[in-house]
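Here is what each chain is made of, one letter per residue.
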Amino acid sequence: MRWDDAPEDRGRVKFAAAAGAVEGYGGRGLNGRALHPAAGYLFPDQDGEGWWVIFQPWPSSDAHAHKVPGDILACNDSYGDMVHVVVLAAGVWEDDAEAAFRAHVPLTLADAARVAATVAHVPAPQPPVSPRGPRGAG
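Quick look at the structure, then. Because the structure is a prediction, the values reported are computed rather than measured.

1. Focus: unusual backbone geometry
For valine 105, which is not a glycine, the phi torsion comes out positive at approximately 40 degrees. Along the polypeptide, valine 105 turns up in the loop between helix H1 (94–104) and helix H2 (109–118). Judged by relative accessible area, which is 36%, valine 105 ranks as partly exposed.

2. A look at the environment of glycine 29
Tracing the backbone through its elements, the reader meets glycine 29 in the loop between strand S3 (22–23) and strand S4 (30–35). The exposure class of glycine 29 is partly exposed, given its relative accessible area of 26%. For the pair formed by glycine 29 and alanine 18, sequence separation is 11 residues and the distance between their alpha carbons is 4.7 Å. Residues contacting glycine 29, with those up to four places away along its chain left out, are Ala17, Ala18, Ala19, Val22 and Gln56.

3. Some details on the packing of aromatic side chains
According to the stated counting rule, one finds 3 aromatic pairs in the structure shown. Ring geometry for phenylalanine 15 against tryptophan 52: centres 5.4 Å apart, planes inclined by 50 degrees, an arrangement best described as tilted. Of this pair, phenylalanine 15 sits in strand S2 (residues 13–17) while tryptophan 52 sits in strand S6 (residues 50–57), and the two are 37 residues apart along the sequence. Exposure remark for phenylalanine 15: the relative accessible area of 0% places this residue in the buried category. Owing to a relative accessible area of 5%, tryptophan 52 belongs among the buried residues under this scheme. Each ring, one from phenylalanine 43 and one from phenylalanine 101, has its centre 6.2 Å from the other, and the planes form 85 degrees; the classification is edge-to-face. Of this pair, phenylalanine 43 sits in strand S5 (residues 43–44) while phenylalanine 101 sits in helix H1, placing them 58 residues apart in sequence. With a relative accessible area of 0%, phenylalanine 43 lands in the buried category.

4. What about the nonpolar core?
Counting residues in hydrophobic clusters, the biggest one holds 19 residues, and the most contacted among them are Val53, Ile72 and Phe101. Of all the secondary-structure elements, those providing two or more residues to this core are S6, strand S7 (69–76), strand S8 (83–93), H1 and H2. Top contributing element to this core by residue count: H2, with 4 residues. Not counting residues up to four positions away in its chain, the partners in contact with valine 53 are Arg33, Ala34, Leu35, Phe43, Ile72, Leu73, Ala74, Leu88, Phe101, Leu109 and Ala112. By size, the runner-up hydrophobic cluster in this structure holds 13 residues, among which are Val13, Phe15, Ala34 and Ile54.

5. As for the pairing of S8
Looking at chain direction, S3 and S8 are connected through 2 bridges and run parallel. If you follow glutamate 23 over to S8, its bridge partner there is histidine 84. Sheet topology places S7 next to S8; 6 bridges connect them, and they run antiparallel. What sits directly across from proline 69, in S8, is tryptophan 93.

Reading the values: rules and limits
Residues numbered from 1 in each chain as written. Predicted model: local features only at pLDDT ≥ 70, side-chain atom pairs only at ≥ 80, totals over all residues. Heavy atoms only, no water. Helix = DSSP H or I, 4+ residues; strand = E, 2+ residues; numbered from the N terminus. Buried < 20%, exposed > 50% of the residue type's maximum accessible area, 1.4 Å probe, protein only. Contact = heavy atoms within 4.5 Å. Phe/Tyr/Trp six-rings, centres within 6.5 Å; stacked < 30°, edge-to-face > 60°. Core = buried A, V, L, I, M, F, W, Y, C linked by side-chain atoms within 4.5 Å. Pairing = 2+ DSSP bridges.

Following this line, the structure appears as structure tokens:
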């Protein structure tokens, strides 16, 4: 696991972990951008342990686009050990996630989960429609 501040990420802190070091995200690695509470980047859970809350773009998305689809994830602050992931919201827009976290300023992991639950989901892709319209069965 690593975190760093990269200028190409619009000044946000990046959180990354290889797939082999991630548990709870379907065998996928992490390369997302941190959402943050009022102070710092860690959201304490009920036991006082710190968790990162990140926006993880979907693999097929353009990382520099205005509207990027992805997931809001909680990741334990593991310091090099296995990163445990909890999906707080799947299929949301990055800008909507950031706006919700700015507007509601969650302080704890439970608060962050409640805020993540309010973020609208990305509309499901619609199947293409034939320009000729539907064909009859007969």
